[in-house]
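Structural characterization, general
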Amino acid sequence: MHKDSTPRASVLQHVSQNVRRLRHAADMSQTALAEKSGVSRRMLVAIEAGEKNVSLTTLDRVAEALDVAFSDLIQAPDARDPSRINEVAWAGTIPGSKAVLLSKATATREVEQWEWCLQPGEIYPSQPDAEGWSEQIFVFEGCLTLMLGDTPHEIAAGEFYMFPSNQPHAYRNDGVVATRFVRNVVI
């Protein structure tokens, strides 16, 4: 994806606004942030101006120096749901190469990542997890029916969904092709 394309340009704007806002909130000058992060002041000026296609490593260093999460730098400043990011965080030099940060959740102990495949007609019922646990689902083939109690939620290929997993839930494939998805359990 070219850096001037709309999705990438909006992320550069988000990073620009967020770095400036968070730096001011921390009462830091660009020079102080440069010293603390190890990122040059010149690079920080370009980032805050929205002119620099910055690396993920550089953003990690800036986030750490500001004592915020990486996602706080790339998320839309006016996001209604702070757990749902869905922003391109990196675009390669070859069109179509990209990394999208879909969502975030606070973990107290660990995160488990699972790859699932449900054949047509298959169902997996799950017991409620402990209070504070959550799950993140990303479907990459087929369509998953996620049951939260008696309420079905259809998640198509390319979509994701997050939910607190301290409630009865089940995964179901109501389609005619296999459904493949990644499930992160945030503990």
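Residues numbered from 1 in each chain as written. Predicted model: local features only at pLDDT ≥ 70, side-chain atom pairs only at ≥ 80, totals over all residues. Heavy atoms only, no water.

Let us now look at the pattern of salt bridges. Close approach of charged atoms allows side chains with opposite charge to pair. Inspection of every chain in the model, using the stated rule, returns six salt bridges. Here Asp-72 ties to Lys-104 by a salt bridge, and the two come within 3.0 Å at their closest N and O atoms. Residue Asp-72 is found in helix 5 (residues 70-74), and its partner Lys-104 is found in the loop between strand 2 (98-103) and strand 3 (111-118); the two are separated by 32 residues along the sequence. By relative accessible area, which is 26% here, Lys-104 ends up partly exposed. A salt bridge links Arg-180 to Glu-141; the nearest nitrogen and oxygen atoms lie 3.4 Å apart. Of this pair, Arg-180 sits in strand 10 (residues 179-186) while Glu-141 sits in strand 5 (residues 134-141), and the two are 39 residues apart along the sequence. Overall, Arg-180 belongs to the partly exposed group, its relative accessible area being 25%. Note on Glu-141: relative accessible area 35%, which makes it partly exposed. Each member of the salt-bridge network shares a partner with another, and the members are Glu-115, Glu-141 and Arg-180. (Salt bridge = Lys/Arg side-chain N within 4 Å of Asp/Glu carboxyl O. Helix = DSSP H or I, 4+ residues; strand = E, 2+ residues; numbered from the N terminus. Buried < 20%, exposed > 50% of the residue type's maximum accessible area, 1.4 Å probe, protein only.)

Glancing now at the sheet that holds strand 9 (residues 169-172). Here we have four strands laid out as an open sheet, ordered 4-9-6-7, and antiparallel in their pairing. Both outer strands of the open sheet, strand 4 (123-126) and strand 7 (151-156), are each paired with one neighbouring strand and no more. Direction aside, neighbouring strands of the sheet carry axes that sit 20° apart on average. Here four bridges tie strand 6 (residues 143-148) to strand 9, and the two strands are oriented antiparallel to one another. Within strand 9, the position partnered with Thr-145 by the bridge is Arg-172. (Pairing = 2+ DSSP bridges. Axes fitted to C-alpha atoms, helices over the stretch in contact; angles between N-to-C directions.)

All right, on to the UniProt feature "domain: HTH cro/C1-type" (unreviewed entry) in the protein chain then. With numbering aligned to this structure, UniProt lists the feature "domain: HTH cro/C1-type" (unreviewed entry) at residues 19-73. Helix makes up 69% of residues 19-73 and strand 0%. Its end C-alpha atoms lie 6 Å apart. (UniProt positions renumbered as here; feature names shortened; annotations may be inferred.)

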